[in-house]
Amino acid sequence: MAPTNQVLVNESSNVRTIVLNRPKQLNALSHEMVSRLLELFLAYEEDPNVKLIIMKGEGRAFCAGGDVAAVVNDIKNGNWKLGADFFSKEFRLNYLMATYTKPQVSLLRGIVMGGGAGASIHGRFRVATDNSVFAMPETALGLFPDVGASYYLSRTPGFFGEYVGLTGARLDGAEMLACGLATHFVPLEKLSLLEDALCKANTGDPNIINNIINEYSSTPKLKETSQYFRLKTIERCFSRRTVEEIISALEKEADKNMDDWIAWTIESLKKASPTSLKISLRSFREGRLQGVGQCLIREYRMVCTVMQGKFSRDFFEGCRALLLDKDKNPKWEPSKLEFVSDYMVDRYFTALDDNDWEDLKLPARSNLPSYAISKL
Amino acid sequence: MDRVNFRTQIISNHLTTTQNNNNNHNLTTLPCINYQPPELTEPRPYFDTLLLREIIDGPMFKNNDYLFSLMKQSTLFCPRNRGGKVFIGPDYNKSMEEQREMTMKRIEYLRDQGVFDGWFDKEGYEGDLWRFSVAESVSVFDHSLGIKLGVHFFLWGGAIRFMGTKRHHDKWYKPTETYEVKGCFAMTELGHGSNVRGIETITRYDASTQEFVILTPCESAQKYWIGGAANHATHTIVFSQLEINGVNQGVHAFVAQIRDENGNICPNVRIADCGHKIGLNGVDNGRIWFDNLRIPRENLLNSVADVSPDGQYLTAIKDPDQRFAAFLAPLTSGRVTIAASAMNTTKIGLATAIRYSLSRRAFSMVPNEPEVLLLDYPSHQRRLLPLLAKTYALCFASNHLKMIYVKRTPESTKTVHVVSSALKAVLTWHCMRTLQECREACGGQGIKTENHVGHLKSEYDVQLTFEGDNNVLMQQISKALLAEFLAAKKRNKPIKGLGLEHLNKPAPIIPSQLTSSTLRTTQFQTDIFCLRERDLLHRFVTEVSQYQAQGEKSKEHIFSVTYQIAEDLGRAFSDRLILQTYLDVEATVPAGPLKDILGLMRAMYTTIVMEEDASFLRYGYLSTDNAAVVRKEVPKLCSELRPHALALVSSLGIPDAFLAPIAFNWVEANAYSSI
């Protein structure tokens with residue numbers, strides 16, 4: 001494939017700085033970008049001259065996600081399997097990052113959402129900063145948190161992952177660090193100094209890299225109103241077995257002690273696609289006990305079922321309402337949680353009934369870290 | 001000496017390799033031994049591992065996973081990072097008192113997440129399955145947690161439910177569900193355990209105040225091992241002889257309060273601690289004495305018998321034996337959970353030891369060659385793989401027991417009793433034996449508490465004797481089989497039930513010259529297991545009648561001297577039952593890879609039973625020649641199962657977090673940098 005200017009690479013001896021370069025679209029990952037990134041990561045793993053990979057975004061955002069509008073357009077123009085090809089590449093890239101033998105440092109300026117989270121959180125070092133904004137907003141779009149979110153969100157403390165994934169809540173840099181989605185926090189003004197220092201050090205030793213980042217790090221204070229202080233309530237409510245029980249637990253909390261945060265939380269659950277909520281919750285629950293590979297294989301089944309559109313077309317409706325027509329008024333179908341049966345939810349987790357379709361094939365790895373393994 | 005030279009050679013090789021590395025700039029430091037995850041080195045699963053997991057976990061596997069996930073997410077369950085993975089498990093280095101408090105806190109956490117909501121409301125067999133699933137899943141984390149919960153919900157709650165009537169349900173269900181009332185179950189005494197009918201606590205009725213008066217008349221009557229009594233329980237079920245107007249009406253159950261809402265022990269009750277135990281220290285076992293404790297008349301659990309306000313004893317079941325049996329029958333649920341928990345624990349042991357054996361190497365076959373994986377040694381395969389196949393067989397049997405329990409009818413009481421006795425004994429023995437083998441198979445790593453396998457032995461040892469001593473249970477099976485046989489003979493009708501119908505057919509013929517392929521046929525396996533059961537039952541009948549012919553009157557005495565054959569028969573019955581349930585499961589699986597594997601494991605199970613149980617040779621079901629064929633088949637089966645070992649332990653369905661560091665990257669988990 002011809003090199004693209006949507007992904008730039010700066011070479012500095014043994015360090016490769018990958019720049020996501022589609023600033024007008026907030027660096028949303030196009031098919032072209034995902035293909036290029038996959039190519040680069042595969043090549044760098046083999047290349048003895050590469051020791052360290054730095055990832056960053058051009059402009060205001062790190063990356064606002066996968067270019068979903070383009071995917072929907074592709075599907076509309078023909079076969080949903082074009083979309084499947086996009087997600088297959090993206091998820092393989094996520095797996096590669098999660099099991100990579102060389103360190104990846106992601107500098108998370110601005111927006112880190114959806115696919116952007118997938119392209120950074122799986123890596124070894126995730127550096128949040130003052131203007132970082134993290135979110136997995138897929139349930140509002142009729143999709144579900146993919147790109148391995150069922151792995152990394154389900155491993156945040158308590159049931160914070162369910163909360164973040166179901167509501168699409170936005171986290172700032174301090175919150176990202178607190179819940180472990182970020183490994184470091186470096187103030188905005190020091191971020192380029194850190195980048196220079198890493199290039200200068202020219203090393204692939206994770207301990208040295210860690211020490212260098214630590215030198216520029218500071219401990220951010222959580223805002224007084226931070227949702228991270230709501231962990232107890234989140235645990236009480238989001239640990240529940242079903243989405244319905246989660247909402248009713250939240251409503252009970254609201255009866256006792258109504259405030260903006262509870263109201264917002266309930267509101268965002270009620271606005272989200274009922275099908276999305278149900279499949280997302282189950283995905284987190286399964287993901288909690290699985291390795292990252294299994295998570296991605298499952299999510300691939302799910303995303304293909306979503307695109308196939310047999311059981312719900314919420315994804316297309318969500319994209320229409322939020323990205324194309326921008327009326328922000330999606331008409332979900334099924335419209336209520338109680339209309340989404342267990343049978344329907346099950347369909348998203350089984351292999352597709354389609355002769356040309358097959359499960360996600362993860363790239364073979366020579367060195368599988370133990371967190372990537374889970375037996376089921 | 002050769003050996004020594006050989007080792008020296010290996011060591012010096014290590015040293016020279018390291019030196020070479022230092023001169024080579026392209027290579028970073030290479031540790032001597034790298035952890036290789038078996039997922040990378042083992043063949044891909046030949047069958048659908050998820051499907052097999054659904055079969056052995058049964059219809060509630062999603063609920064199990066939900067509970068696993070709840071436990072994994074709470075800091076109360078002590079998450080620890082080892083080698084890049086999070087493991088949870090109690091801190092057994094804490095004092096007994098601290099362990100008890102942690103157990104209680106974990107229960108409160110589960111309660112607060114709504115895990116017990118609707119405990120008594122969920123109806124039908126699905127409700128039963130759900131309750132079992134809760135108890136079993138928490139036991140995977142810690143036996144103490146499972147037992148503490150089991151005492152409260154299954155023993156205390158079960159007694160209220162099954163032995164009590166509406167007035168008890170209305171009063172106790174709700175506070176039990178919320179733990180406002182913490183229940184315990186005072187049956188066992190210092191002087192009487194398995195023999196419940198011999199307990200000495202006495203309860204008399206005082207018509208003038210309409211109260212019962214409970215008395216511990218002597219030291220041997222003190223209630224003993226009462227889980228929950230030492231620290232937390234506020235109420236207890238008391239088992240006691242009921243004496244009405246000087247007449248003993250046999251054992252009955254009462255509800256008594258033993259602590260007030262502030263946790264102070266009530267007047268006329270004395271409580272002491274059972275002290276530190278070899279395991280299960282998260283359960284506060286206590287001893288209780290009753291000093292003429294008065295309780296209201298309504299506190300008699302009156303499902304089968306009642307006492308009227310004026311002190312008349314009323315019951316619909318006149319025969320005290322039948323009354324007692326009807327009374328205790330619903331409590332069989334204890335054995336169902338014990339059997340299932342024994343299997344889960346066995347799974348933890350095997351998954352850990354087999355995963356370790358797929359990444360740990362020892363000794364080279366040829367100098368300078370890599371050392372050999374433990375599980376590539378035929379002897380190591382022989383130690384672990386038959387236990388793995390047997391575990392699958394016993395899991396199917398445990399599921400069968402659960403199903404006949406939850407779908408029980410008055411007619412099936414006897415079957416449930418016999419099957420639960422048999423499987424409780426066989427499964428718990430299998431659990432202990434497997435844990436011991438797994439602990440040895442892990443070498444020194446097996447004795448580290450954080451690696452579970454060794455420690456679980458002491459945590460689970462108690463299961464061999466509680467809810468019925470295993471040896472006593474095995475003898476009870478033979479007694480029940482004898483009774484069935486004699487009853488059928490007396491009625492001159494074919495024998496029915498307990499799977500004994502094969503006795504009505506002519507005795508199966510065993511081929512005089514066994515071959516490997518015969519050993520693997522369902523026909524042969526069924527034939528020889530049936531032959532053994534049938535012959536032993538006939539021998540037992542003959543031996544008992546010989547004693548009777550000699551003039552021995554006491555049946556109990558006869559049973560006490562015929563224990564040898566009774567035990568052989570008990571085993572024969574259990575093995576045949578297990579094979580039958582295995583075949584039933586197999587029949588539900590369509591032809592394909594999974595069915596092939598199930599067939600292979602069945603062959604392993606039956607072959608190993610024949611190899612290990614002396615009765616096949618002792619009574620001549622196998623000739624010495626055939627026994628040799630059986631023995632030769634074992635290593636063959638082991639090598640055929642070997643490629644499936646990883647997939648088979650994956651299907652056991654224990655989440656990684658509940659296994660141990662040695663099951664994964666044990667090099668990194670032990671690295672100096674991880675201290």
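Here is what the cut-offs are and how they apply
Residues numbered from 1 in each chain as written. Chains lettered and ligands numbered in written order. Predicted model: local features only at pLDDT ≥ 70, side-chain atom pairs only at ≥ 80, totals over all residues. Heavy atoms only, no water. UniProt positions renumbered as here; feature names shortened; annotations may be inferred. Helix = DSSP H or I, 4+ residues; strand = E, 2+ residues; numbered from the N terminus. Rg over C-alpha atoms; globule rule 2.2 N^0.38 Å. Buried < 20%, exposed > 50% of the residue type's maximum accessible area, 1.4 Å probe, protein only. Contact = heavy atoms within 4.5 Å. Areas by Shrake-Rupley, 256 points an atom, 1.4 Å probe, with all protein chains shown as cover. Lys, Arg positive; Asp, Glu negative; His and termini not counted. Charge placed at Lys NZ, Arg CZ, Asp CG, Glu CD. Polar contact = N/O pair within 3.5 Å; in protein donor to acceptor, adjacent residues only side chain to side chain. Salt bridge = Lys/Arg side-chain N within 4 Å of Asp/Glu carboxyl O.

Going by an unreviewed UniProt entry, chain B carries the name Acyl-coenzyme A oxidase and comes from Artemisia annua. One UniProt comment on chain B, placed under Cofactor (unreviewed entry), says "FAD". According to the UniProt record, the Subcellular location (unreviewed entry) comment for chain B is "Peroxisome".

Per an unreviewed UniProt entry, chain A carries the name 3-hydroxyisobutyryl-CoA hydrolase and comes from Artemisia annua. The UniProt entry for chain A carries the following comment under Sequence similarities (unreviewed entry): "Belongs to the enoyl-CoA hydratase/isomerase family." Per UniProt, chain A has the following entry under Pathway (unreviewed entry): "Amino-acid degradation; L-valine degradation."

Undergrad: In this structure, what is going on with the overall build of chain A? I would like to understand it.
TA: Summing up its helical and strand segments, chain A has 16 helices and nine strands in all. Over its C-alpha atoms chain A spans a radius of gyration of 20 Å, differing by no more than 12% from the 21 Å that the globule rule assigns to 376 residues. By principal-axis analysis of the C-alpha atoms, chain A measures approximately 60 × 50 × 40 Å. Residue burial in chain A is summarised as follows: out of 376 residues, 61% are buried. Expressed as a percentage of contacts within chain A between residues at least 6 apart in sequence, the contacts between residues at least 24 apart total 74%. Split by element, the accessible area of chain A, about 14900 Å² in all, is 49% carbon and sulfur. Computing the positive centroid from 47 side-chain charges and the negative centroid from 47, chain A places the two 2 Å apart.

Undergrad: Help me understand unusual backbone geometry, please; the structure alone is not making it clear to me.
TA: Negative phi is the rule for most residues except glycine; trans is the rule for most peptide bonds. Cis rather than trans, the peptide bond between Glu 333 of chain A and Pro 334 of chain A has omega equal to 0°. With phi around 65°, Trp 225 of chain B is a residue other than glycine that occupies positive phi space. Secondary-structure assignment places Trp 225 of chain B in strand S6 (residues 223–227). Residues other than glycine seldom take positive phi values, yet Asn 368 of chain B does so here, at roughly 75°. For Asn 368 of chain B, the location among the structural elements is in the loop between strand S13 (361–362) and strand S14 (372–373). Exposure remark for Asn 368 of chain B: the relative accessible area of 53% places this residue in the exposed category.

Undergrad: What am I meant to see in the side chain of Ser 357 of chain B here?
TA: Residue and element names in this part refer to chain B. Within the secondary structure, Ser 357 sits in helix H10 (residues 333–357). Given a relative accessible area of 0%, Ser 357 falls into the buried group. Polar contacts involving the side chain of Ser 357 include one to the main-chain carbonyl oxygen of Ile 354, which spans 2.8 Å. Not counting chain neighbours up to four residues away, the residues in contact with Ser 357 comprise Leu 373, Leu 374, Leu 375, His 380 and Leu 384.

Undergrad: It is not clear to me how the pattern of salt bridges should be interpreted in this structure. Could you clarify?
TA: Oppositely charged side chains may form a pair once their charged atoms are brought near each other. Residues and elements named next belong to chain B. Following the criterion strictly, the structure yields 68 salt bridges over all chains and no others. Close ionic contact of Asp 291 with Arg 270 constitutes a salt bridge, the shortest N to O distance being 2.8 Å. Here the residue Asp 291 occupies a position in strand S10 (residues 285–296), and Arg 270 occupies one in strand S9 (residues 269–273), the gap between them amounting to 21 residues. Given the relative accessible area of 25%, Asp 291 is considered partly exposed. With a closest N to O distance of 3.1 Å, Arg 382 and Glu 612 form a salt bridge. Linking Arg 382 in helix H11 (residues 378–406) with Glu 612 in helix H19 (residues 593–612), this pair joins segments that are 230 residues apart in sequence.

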